[in-house]
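Here is how the chains run, residue by residue.
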Amino acid sequence: MSLVLILTLEEFMAVLPLLYFPDPKLNTVAKPVQAVDARIKQLIVDMLDTMYDAKGIGLAATQVNVHEQLIVIDVSEDRDQALVLINPQTVWTSSETHLNEEGCLSVPGIYDGVQRFDAIKVVALDGEGKSRTVEADKLLAVCIQHEMDHLMGKVFVEYLSPLKRNRIKKKMIKAQREDAR
Ligand code: K2U
Ligand code: ZN
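Here goes a summary of the coordinates provided. Please read all numbers here as calculations on a predicted model, not as lab measurements.

**Regarding the nonpolar core**
Here comes step 1: One finds Ile 44, Met 47, Leu 70, Val 72 and Ile 86 to be the most contacted residues of the largest nonpolar core, which totals 18 residues.
Here comes step 2: Of all the secondary structure elements, the ones that give two or more residues to this core are helix H2 (38-53), strand S2 (70-73) and strand S3 (83-93).
Here comes step 3: By residue number, the principal contributor to this core is H2, which donates six residues.
Here comes step 4: Not counting residues up to four positions away in its chain, the partners in contact with Met 47 are Leu 16, Leu 59, Ala 60, Ala 61, Val 64, Leu 70 and Val 72.
Here comes step 5: Ile 71, Leu 85, Val 122 and Cys 143 belong to the second-largest nonpolar core, a separate cluster that totals 16 residues.

**Notes on the layout of surface pockets**
Here comes step 1: In this structure, the largest pocket spans a volume of roughly 420 Å³.
Here comes step 2: What lines the largest pocket is a set of 24 residues, and nearest its centre among them are Gly 56, Ile 57, Gly 103, Cys 104 and Leu 105.
Here comes step 3: If you list the elements that add at least two residues to the lining of the largest pocket, you get strand S4 (97-102) and helix H3 (138-151).
Here comes step 4: Here the lining of the largest pocket gets six residues from one element, more than from any other, and that element is H3.
Here comes step 5: The residue makeup of the lining of the largest pocket, split by class, is twelve nonpolar, eight polar and four charged.
Here comes step 6: Put simply, the second largest pocket is a space of about 150 Å³.
Here comes step 7: At the level of secondary structure, the elements contributing two or more residues to the lining of the second largest pocket comprise S3 and H3.
Here comes step 8: Taken together, the residues that form the lining of the second largest pocket break down as six nonpolar, three polar and no charged.

**Structural notes on the sheet that holds strand S1 (residues 58-60)**
Here comes step 1: With respect to topology, five strands assemble into an open sheet ordered S1-S2-S3-S6-S7, the strand pairing being antiparallel. Taken across any chain shown, the strands that pair with only one partner, and hence form the sheet edges, are S1 and strand S7 (131-137). Mean inter-strand twist for the sheet, computed between neighbouring axes without regard to direction, equals 40°.
Here comes step 2: When strand S6 (residues 119-125) meets S7, the two strands line up antiparallel, connected through seven bridges. The residue bridging Val 122 from the neighbouring strand is Val 134, located in S7.
Here comes step 3: Across the face of the sheet, H2 comes into contact with S1, S2 and S3 while running at roughly 40° to S2.
Here comes step 4: In the packing of H3 onto the sheet, contacts are made with S1, S2, S3, S6 and S7, and the angle to S7 comes to roughly 120°.

**Some remarks on the site of ligand 1**
Here comes step 1: In the vicinity of ligand 1 there are 14 residues, among which Ile 57, Gly 58, Gln 63, Leu 105 and Glu 147 approach most closely.
Here comes step 2: A distance of 2.8 Å separates an oxygen atom of ligand 1 from a polar backbone atom of Ile 57.
Here comes step 3: Contact between ligand 1 and Gln 63: an oxygen atom at 3.0 Å from a side-chain N or O atom of the residue.
Here comes step 4: In isolation ligand 1 exposes 470 Å². Once the protein is present, 84% of that is buried.

**What about the coordination of the zinc ion (ligand 2)?**
Here comes step 1: Looking at the zinc ion (ligand 2), one finds its protein donor set to be Cys 104 (SG), His 146 (NE2) and His 150 (NE2), positioned 2.1 to 2.2 Å from the metal centre.
Here comes step 2: Within one chain, the residues donating to the zinc ion (ligand 2) are spaced in sequence as C-x41-H-x3-H. Residue Cys 104 is located in the loop between S4 and strand S5 (112-117), and its partner His 146 is located in helix H3; the two are separated by 42 residues in the primary sequence. Take Cys 104 and His 146: they sit in the same class, and that class is buried.

**A closer look at unusual backbone geometry**
Here comes step 1: The peptide bond linking Phe 21 to Pro 22 adopts the cis configuration, its omega dihedral lying at 10°.
Here comes step 2: Examined against the element boundaries, Pro 22 turns out to sit in the loop between helix H1 (3-12) and H2.
Here comes step 3: The residue Lys 55 is not glycine, and still its phi comes out positive at about 60°.
Here comes step 4: Mapped onto the elements of the fold, Lys 55 is located in the loop between H2 and S1.
Here comes step 5: Taking relative accessible area as the criterion, Lys 55 reaches 71% and is therefore assigned exposed.
Here comes step 6: Positive phi outside glycine occurs at Asn 87, with the angle close to 50°.

Calculation notes
- Residues numbered from 1 in each chain as written.
- Chains lettered and ligands numbered in written order.
- Predicted model: local features only at pLDDT ≥ 70, side-chain atom pairs only at ≥ 80, totals over all residues.
- Heavy atoms only, no water.
- Core = buried A, V, L, I, M, F, W, Y, C linked by side-chain atoms within 4.5 Å.
- Buried < 20%, exposed > 50% of the residue type's maximum accessible area, 1.4 Å probe, protein only.
- Helix = DSSP H or I, 4+ residues; strand = E, 2+ residues; numbered from the N terminus.
- Contact = heavy atoms within 4.5 Å.
- 1 Å grid on protein atoms, 1.4 Å probe; cavity = no way out; pocket = protein on both sides within 12 Å on 5 of 7 lines; lining within 4 Å.
- Points joined across faces, edges and corners; volume = space filled by probe spheres on them.
- Nonpolar A, V, L, I, M, F, W, Y, C, P; charged D, E, K, R; others polar.
- Pairing = 2+ DSSP bridges.
- Axes fitted to C-alpha atoms, helices over the stretch in contact; angles between N-to-C directions.
- Near = heavy atom within 4 Å.
- Polar contact = N/O pair within 3.5 Å; in protein donor to acceptor, adjacent residues only side chain to side chain.
- Areas by Shrake-Rupley, 256 points an atom, 1.4 Å probe, with all protein chains shown as cover.
- Donors = N, O, S within 2.8 Å, 3.2 Å for Na, K, Ca; no water.

On their own, these measurements won't tell you what the molecule is for.
Given below as structure tokens:
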């Protein structure tokens, strides 16, 4: 690929800055996307770029300080099967749940158990604005639940004990102060 083409592509892709816990903006409830227009399609490209750059398997628009109901996910081995969920609605959940170890790009370096439904069915718009139903289990189901929590202003550490959450909050604030130096 020529250098000119690479430079051209680069200008259309952007790694966006992430919000980090305990930023209160992470507790904002996202509004429905009104139209899957050019602005939203560019945001999808930038969110995927941001997610892949951060080696995440999901990202909610809330985490890049855009408070609209948009999620991108890629749980594939080859990192080449992006899933876009716009205005997702849960229509079914399994009766079974399990405790899974979770992390979050907005809470770097912290991993802990969260109880999630084993399987979930979600109706959403895709990146072209077409309605689709996603039936998920395993890691995809966990990731969708984690991202849909973000759209409701919920970070996974809110499922932990107040003692654990306060320790994490102090650790994040200390790390952000050191980064700011
Ligand atoms: O929302 C985010 O911060 C993205 C999460 C999504 C996620 C959380 C918990 C469980 C599955 C997915 C990041 O991808 S956290 C990093 C990560 C990567 C691989 C597997 C688990 C967590
Ligand atoms: Zn997260």
